There are 2 protein chains.
Amino acid sequence: MSESDEIAVILERLGRVFQNDAHVAGLKPTQWEALRYLARANKFSRNPKALTVYLGMTKGTVSQTLNALDRKNLITKKTDMIDRRNVHLELTRPGKLLLEKDPIATIRKKAESLGKTNRSALSGALKQLLGAILSEHDGRAFSVCKTCRYFRGRAAGGNPHRCALLDAPLSVEDSAQICVEAEIRN
Amino acid sequence: MSESDEIAVILERLGRVFQNDAHVAGLKPTQWEALRYLARANKFSRNPKALTVYLGMTKGTVSQTLNALDRKNLITKKTDMIDRRNVHLELTRPGKLLLEKDPIATIRKKAESLGKTNRSALSGALKQLLGAILSEHDGRAFSVCKTCRYFRGRAAGGNPHRCALLDAPLSVEDSAQICVEAEIRN
DNA sequence: TCCTATTGTTTCGACTCGATACGATTTCCC
DNA sequence: GGGAAATCGTATCGAGTCGAAACAATAGGA
């Protein structure tokens, strides 16, 4: 078996193990990912559309997942008053609290035990792999706001950060979060 | 975000992307994994029990998945005549043919494009990670028969290979395949 | 022979997921 | 301004996943 084969098989298998581990606290793996995403996405990206792109699923499926989370009172949905087709998603307090039990922590701990050299190599190679796959997948990289070409840092006068694409102000918090619109600066 | 966090997030995300890709030819991701396993497992390991351990799922779920594959005529189930509780699983010809469309190939190609150095690093680190996780998971490593401590290679007289644990003969093919019982030599 | 462990199957309920059809808006363009 | 087209989200369907729990059948030991 070639090295590439091994990588493919192990990645597939790791994915399965993680997914099995993710049946925690009555939530399904997908629901955990949605919760996690909402915790890390900035205000422009906390909507069903962005989540759909992020997860790479169809909007119908995402809609159902969000319904399930809503029923459990882990998120709220609010119609945008300016464009009433849009929906804003927010974690509720129980939702935020639940994230402390996020099963992804077990993966992190395992990565921790890997040793610095191996860990760096793994992190680098995985990033490259994910990038290669997403680019061919029309999925965006979903990088952090601050690194986006449309990000305008706070000027000398103490003005807030701004997004030059959406022409909107950005809190310090927002600018450190994930954004659907993010385009890597070149 | 620490390197370990990044690794955890990317692995989770890669798993999702792969899983989405695995909806091919009318099969679900789990069904593909079962098929793949059966193609790579030796005769002692082509049964529901071993598959259950390999996939890390409950036997009920596995039973259903196997039923689905049976309905599609991709596998056969046959009761063991010696111990009638056991079931032998085999790929049918259509099952084997279908494996040529295995969506895991797309992952392999991506790994291919990674470059030798990165690829080796990734392969090594992933193996270590999977090992660490499985060991804590009471999941076995499922290594290849030949590397097992119970493997007895063909003697000078031209006798067949043998498994000293099950006290059974091994074809050349079997001994190159995955075995549930495999225990790494020390 | 009875007791117990092993191996699989069945059933249940909640959820996933793609596909498809819909329902509101909003936007574009004549 | 008004109608078509695009956008964003929801509802429904069918096959499947998945854990949990109950249930069968068989094997093996006391």
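The coordinates are above.
These figures come from a predicted structure and were not determined experimentally.

## Focus on the overall build of chain A
When helices and strands are counted, chain A shows eight helices and five strands. Along chain A, from the amino end to the carboxyl end, the secondary structure elements read α-α-α-α-β-β-α-α-α-β-β-β-α. Taking all 186 residues of chain A together, 46% fall into the buried category. Within chain A, contacts between residues at least 6 apart in sequence are counted, and of these 57% link residues at least 24 apart. Accessible area for chain A stands at about 9800 Å²; split by element, carbon and sulfur atoms hold 51% of it.

## Structural notes on the protein's contact with DNA strand C
Near DNA strand C lie 27 residues; those nearest to it are Thr30(A), Arg84(A), Lys49(B), Lys59(B) and Ser63(B). Considering the 4 Å shell around the protein, atoms of DNA strand C inside it are sugar or phosphate in 67% of instances. In the model, a phosphate oxygen of DNA strand C is placed 3.2 Å from a nitrogen or oxygen of the Thr58(A) main chain. Here a phosphate oxygen of DNA strand C sits 3.0 Å away from a polar atom, N or O, in the side chain of Lys72(A).

## Quick word on the relation of the copies chain B and chain A
Superposition of chain B onto chain A requires a rotation of 180 degrees combined with a translation of 0.0 Å along the rotation axis, giving an RMSD of 0.1 Å. With respect to symmetry, the two chain copies, as superposed, fit the operation of a two-fold axis. Nearest to the rotation axis, the C-alpha of Gly15(B) is located 2.2 Å from it, this being the minimum over chain B. A shared interface surface links the copies, since 100% of the contact residues of chain B are contact residues in chain A too.

## Describing the protein's contact with DNA strand D
Residues in contact with DNA strand D amount to 27 residues; listed here are only the nearest, Lys49(A), Lys59(A), Ser63(A), Thr30(B) and Lys72(B). What you see for DNA strand D is that sugar and phosphate hold 68% of its atoms within 4 Å of the protein. Within the side chain of Arg71(B), a nitrogen or oxygen atom sits 3.3 Å from a phosphate oxygen of DNA strand D. Note that a phosphate oxygen of DNA strand D is positioned 3.0 Å from one of the backbone N or O atoms of Arg84(B). Looking at the surface near DNA strand D, the elements with two or more residues in it are α3 (48–55) and α4 (59–71) of chain A together with α2 (29–40) and α4 (59–71) of chain B. For the surface near DNA strand D, the element with the highest residue contribution is α4(A), accounting for five residues. A breakdown of the residues in the surface near DNA strand D according to their chemical character gives four nonpolar, twelve polar and eleven charged.

## Considering the interface of chain B and chain A
In this assembly, 57 residues from chain B lie in contact with 57 residues from chain A. Carbon and sulfur atoms make up 61% of the area that chain B and chain A hide from each other, which totals about 5800 Å². Of all residues in chain B, Glu12(B), Arg13(B) and Arg16(B) bury the most surface against chain A, accounting for 14% of the area lost on that side. The tally of links from chain B across to chain A stands at twelve salt bridges. Between Arg16(B) and Glu33(A) there is a salt bridge, and its shortest N-O distance comes to 2.6 Å. Summed over the shared surface of chain B and chain A, the number is 22 residue pairs in polar contact (both at pLDDT 80 or more). Per element, the largest residue contribution to the side of chain B that touches chain A is 19 residues, and it comes from helix α1 (residues 3–21) of chain B.

## Regarding the pattern of salt bridges
If you walk through the whole model with that rule in mind, you get 19 salt bridges over all chains. Across the salt bridge formed by Arg36(B) and Glu12(A), the nearest N and O atoms sit 3.6 Å from each other. Remark: Glu12(A) occurs in helix α1 (residues 3–21) and Arg36(B) occurs in helix α2; the pair is interchain, linking two chains. Like Glu12(A), Arg36(B) is buried. Ionic pairing is found between Glu3(B) and Arg119(A), a salt bridge with its closest N-O pair at 3.9 Å. Here the residue Glu3(B) occupies a position in helix α1, and Arg119(A) occupies one in helix α7 (residues 116–135), the pair thus bridging two chains. Judged by relative accessible area, which is 13%, Arg119(A) ranks as buried. Connected through shared salt-bridge partners, Glu12(A), Arg16(A), Glu33(B), Arg36(B) and Asp102(B) make up one network.

## Some points on the nonpolar core
Counting residues in hydrophobic clusters, the biggest one holds 85 residues, and the most contacted among them are Leu11(A), Leu35(A), Leu11(B) and Leu35(B). If near-sequence neighbours (up to four positions away) are discounted, Leu35(A) is found in contact with Leu27(A), Leu69(A), Leu74(A), Ile75(A), Leu91(A), Gly95(A), Leu98(A) and Leu99(A).

Conventions used here
- Residues numbered from 1 in each chain as written.
- Chains lettered and ligands numbered in written order.
- Predicted model: local features only at pLDDT ≥ 70, side-chain atom pairs only at ≥ 80, totals over all residues.
- Heavy atoms only, no water.
- Helix = DSSP H or I, 4+ residues; strand = E, 2+ residues; numbered from the N terminus.
- Buried < 20%, exposed > 50% of the residue type's maximum accessible area, 1.4 Å probe, protein only.
- Contact = heavy atoms within 4.5 Å.
- Areas by Shrake-Rupley, 256 points an atom, 1.4 Å probe, with all protein chains shown as cover.
- Near = heavy atom within 4 Å.
- Polar contact = N/O pair within 3.5 Å; in protein donor to acceptor, adjacent residues only side chain to side chain.
- Least-squares fit on C-alpha atoms with pLDDT ≥ 70 in both.
- Nonpolar A, V, L, I, M, F, W, Y, C, P; charged D, E, K, R; others polar.
- Buried area = accessible area lost by both parts, 1.4 Å probe.
- Salt bridge = Lys/Arg side-chain N within 4 Å of Asp/Glu carboxyl O.
- Core = buried A, V, L, I, M, F, W, Y, C linked by side-chain atoms within 4.5 Å.

All quantities given are derived from atomic positions and should not be read as evidence of function.
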